Amino acid sequence: MVRFLKRSYIYLVFAFLYMPIAVLMVYSFNDSRSRGVWGGFTLRWYVELFQDRTIMSSLYSTMFIGVTSAIIATIIGTLAAIGIHNSRGIQKRLIMNITYLPVLNPEIVTAISLMILFVFANVRLGYLTLLLAHITFNIPYVILSVLPKLRQLNKHLYEAALDLGSTPVQALWKVIIPEIMPGIITGLLLAFTLSIDDFVISFFTTGSGVSTLSITIYSMARRGINPKINALSTIMFTFVLLLLIVVNVRQAREEKKGRNGRHGSKKQIRSFDAKFGDA
Amino acid sequence: MKRSSLFPYVIWMTLFIVVPMFLVLYYAFTVPTDTGATWSLENFHRFFEPIYLRVLGRSLRLAVISTVICFVIGYPAAMVMAGNAFSRKNVILLLFVVPMWMNFLLRTYAWLTLLERNGVINVLLTSLRLPRLNILYTESAVVLGMVYNFLPFMVLPIYSVLSKIDKGVIEAAGDLGANSFRVFTKVVFPLSLPGVVSGVTMVFMPALTTFVISRLLGGGQFTLIGNLIEQQFLVVGDWGFGSAISVVMIVLILLSMAIMSFFEGEEKSVALW
Amino acid sequence: MSEIIVDLKSVSKVYDETVALDGINLYIRKNEFVTLLGPSGCGKTTTLRLIGGFEQPTEGKILFEGKDISTLPPYKRRVNTVFQRYALFSHLDVFENIAFGLRIKKLSEKVIQEKVGKMLEQVNLTGFEKRDVNSLSGGQQQRVAIARALVNEPEVLLLDEPLAALDLKLRREMQHELKSMQKQLGITFVFVTHDQEEALSMSDTVVVMKDGRIQQIGTPVDIYNEPTNSFVADFIGESNIVDGIMRKDFLVDFGGSSFDCVDKGFGADEPVDVVIRPEDLVLIPAENAKLTGTVSSVTFLGVHYEMLVEADDGISWLVHSTLMEPVGTRVGLGLEPMDIHIMRKVSAG
């Protein structure tokens, strides 16, 4: 009985969380502009969605910025994590505090500070500034994904590589980087997700003509309800859901394979945590 | 060799984090003159005019209300999820997290459909011959949007702390004669405090600084501190005043984090992780 | 005697303010099994890391076959290391771990296959080529670590407490295996441990260290029988160490009586440490003995009994004997002059 009540409570919370999304999805097939009325099934909004050049071009921008910023942030962040891991004392603490700054700062503050910088430095707001801003807020998350992996490493691993004849550069590429690869991948995916999900920072650092999906949605939603957004939501939600299922099934399979497979699910939750750090 | 890998990052962070922060401070503490700018506290003085203090008050009030609601709903949910009511905990956790992967704006937008005058909820209510609910573009809608968006931030840290509590501790408390209510108040809740603290911080901070939720669900009639900043930068163009408000906001957040870490005791000073 | 391969000349190592090594001199011969023994913080691992090239001496020189290698990086030294907790590359399988050094040297695939195959055979891991190193047991990981180092045919193999993580039985087995491997390959082994039994059973030469200084260098038998000071005596095996006064050559006072001994060269009435091994004390009737006391505890240890005898002057003597007297019995303790080891007091630090 108690168990039943407990379960019902969770289902109620789930209903609260999923209901808006479900309604959005159902109404994306509704052949009527008005919300309350069901005008029959249609794919009209999907057709219109793909014909909407604003949405399509912002989708392209989102993907481009997401992929590029994630890759650059991962490279800088991974190198930085290795450097931080090997530094000590005040230097380390100072760098870590600066790293936490964009994570802890309200997004809007990061956003306006970058906007001021770009305008101040006379950089035209647009693709470039968007990219710079996204790399900036992504790097700390890459660092925070890679650092724990470095801490788990046997501290003699680097020395072992040198001992076996590698130069320091070889040791880095042939041993350290491969050993922390899971952390790097987590960081990359996290950076990509954060980038495509971002609204606030993009909103302030973009210029006329360049718009990400989030910005387009915002300007459409500000004008009220638009069934094309429903169609877009449905597609995005399905995409995310499929992605998560694939990732989880893959991890479950790896867990069965390897003996220390537990890392998989923990890593998953950790990256969720990290995502929450941001909204 | 390994230390030098820090260089790109240090340069990047100086350029894009440290310098911008100083620029914000510079704009906050100066006012433009004919020849350039001069140091002044005028921007801060302006913020303490009643009209802006009211905005600050409203922001704080809505953020506190949302945080309390999130806590009241979230703590029991975290407890149930950490307990043994479900056999497949990972799946439940995943289900809880999935909506969060949906774009933040779409999630907020979804409530427009539900709350509209002719929206789903009202159609339902009318068909049941109940009075309509007209909360869209009111404070309630803004709070609802905050709770909806930030609830998982409350639940997950609490869940992760609760699920790590050694079952032996709870059994020991029971063994020492505590009933389940006292086990909760004397053992479980105190042990879960670090999670509560990060949960509260993680809800309160974005709730205080949001401008999207208030703009979409408040219809622009409810200026919050975030909206005020947005307007200064994107509409009015008064960077000095906008920067000053940002500085006030950062101070507020540092203050609340300090209070939080005081409650948390000696645990961790930066407890978002 | 065979030639010297590694030679440390007044080597010091200082980290920030702490002195890890204080001017040590040590040479290691070819094909020797040398053990650096001492409590944690004694400088033994630092010495090993200096030879390996992971640290550079603050002062002094390290010679390898007569050439100064003090500042040579590890990847240019003909020395390989078996690390504490092995430091295996978990992203590579067993074969690739062992092949790592050969691949860095860009040897041909055929040579690599052949050498690694032979090495696997040597460490009894044939058939494990494709295994994930994390799925191996501690002993197997240990073998991979040894194979990974030995396949590079180093002149000197450095082993940093390689057996510390293994359970007792496995450790014994590995001790034998390492010893026979060293004999068979004819490679110089420098072995670091804090376990005196391990040091005594495996080594040709034992180097006892404390506080960054070498206390004694010698064969295991010498170190055990003729410890140079009370620290070595106490660290190697169990000992009774009591205060005494050297009256003159061959005569020492302790425990309220004078005893003949075999040591000389101390100042008249010089305070000294008197070291007596518990197995050198024999139980005799109290009336015939210079040392007397009451048995206060008896523990049966399988081969012998361990007894504590409380003397009247407050000294408690540890006695190992195959005979046993019950607790409370008044006994005498007999000993031979050659079992009394006289040592100068160790100065502080």
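From a predicted model like this one, the values you see are computed outputs, not experimental measurements.

### Notes on the pairing of strand 9 (residues 205-210) of chain C
Residue and element names in this part refer to chain C. Most of strand 9 is tucked away, with five of its six residues classed as buried. Taken together, the four bridges between strand 3 (residues 33-37) and strand 9 define a ladder with parallel strand orientation. Residue Leu37 lies in a different strand from strand 9, and its bridge partner there is Val208. Bridge count between strand 9 and strand 10 (residues 213-218): five bridges; the pairing is antiparallel. If you follow Val208 over to strand 10, its bridge partner there is Gln216. Where strand 9 folds back on strand 10, the antiparallel hairpin that results is connected by two residues, among which Asp211 adopts a positive phi of roughly 50 degrees.

### Here we look at the side chain of Gln182 of chain C
All names here are of chain C. Position of Gln182 among the secondary structure elements: in helix 5 (residues 168-185). Look at Gln182 and you get buried, because its relative accessible area is 3%. Here the side chain of Gln182 touches Asn31 through a polar contact of 3.0 Å, landing on its backbone oxygen. If sequence neighbours within four positions are ignored, Gln182 has contacts with Asn31, Glu32, Phe33, Ile187, Phe189 and Asp204.

### A look at the pattern of salt bridges
Residues and elements named next belong to chain C. All told, the structure shown has 31 salt bridges over all chains when counted by the stated rule. With a closest N to O distance of 2.9 Å, Arg172 and Glu197 form a salt bridge. Taken together, the residues Arg172 in helix 5 and Glu197 in helix 6 (residues 196-202) connect sequence positions 25 residues apart. The exposure class assigned to Arg172 is partly exposed, which follows from its relative accessible area of 38%. Each of Glu3, Lys30, Glu65, Arg78 and Glu155 takes part in one network of salt bridges that share partners.

### Quick word on the interface of chain A and chain B
Many structure descriptions define interface size as the accessible area lost when the parts assemble. Contacts between the two partners involve 95 residues from chain A, matched on the other side by 85 residues from chain B. Of the roughly 8,600 Å² buried between chain A and chain B, counting both surfaces, carbon and sulfur atoms make up 81%. Joining chain A to chain B, the criterion identifies zero salt bridges. Inspection of the region where chain A meets chain B yields 13 residue pairs in polar contact (both at pLDDT 80 or more). The element contributing the most residues to the side of chain A that touches chain B is helix 1 (residues 2-27) of chain A, with 17 residues.

### Re the packing of helix 6 (residues 127-152) of chain A against helix 1 (residues 7-28) of chain B
Put simply, helix 6 of chain A and helix 1 of chain B touch, their axes get as near as 11 Å, and they point 125 degrees apart. Classified by the angle their axes make, helix 6 of chain A and helix 1 of chain B are oblique. Both helix 6 of chain A and helix 1 of chain B take part in a crossing whose hand is left-handed. Contact residues: helix 6 of chain A offers Leu132, Ile135, Thr136, Ile139, Pro140 and Ile143 of chain A, while helix 1 of chain B offers Tyr9, Trp12, Met13, Phe16 and Ile17 of chain B. Among the residues forming the contact of helix 6 of chain A with helix 1 of chain B, the class breakdown is ten nonpolar, one polar and no charged.

Rules used throughout
Residues numbered from 1 in each chain as written. Chains lettered and ligands numbered in written order. Predicted model: local features only at pLDDT ≥ 70, side-chain atom pairs only at ≥ 80, totals over all residues. Heavy atoms only, no water. Buried < 20%, exposed > 50% of the residue type's maximum accessible area, 1.4 Å probe, protein only. Helix = DSSP H or I, 4+ residues; strand = E, 2+ residues; numbered from the N terminus. Pairing = 2+ DSSP bridges. Polar contact = N/O pair within 3.5 Å; in protein donor to acceptor, adjacent residues only side chain to side chain. Contact = heavy atoms within 4.5 Å. Salt bridge = Lys/Arg side-chain N within 4 Å of Asp/Glu carboxyl O. Buried area = accessible area lost by both parts, 1.4 Å probe. Axes fitted to C-alpha atoms, helices over the stretch in contact; angles between N-to-C directions. Parallel < 35°, antiparallel > 145°, perpendicular 65-115°, else oblique. Left-handed = near helix turned anticlockwise from the far one by under 90°. Nonpolar A, V, L, I, M, F, W, Y, C, P; charged D, E, K, R; others polar.

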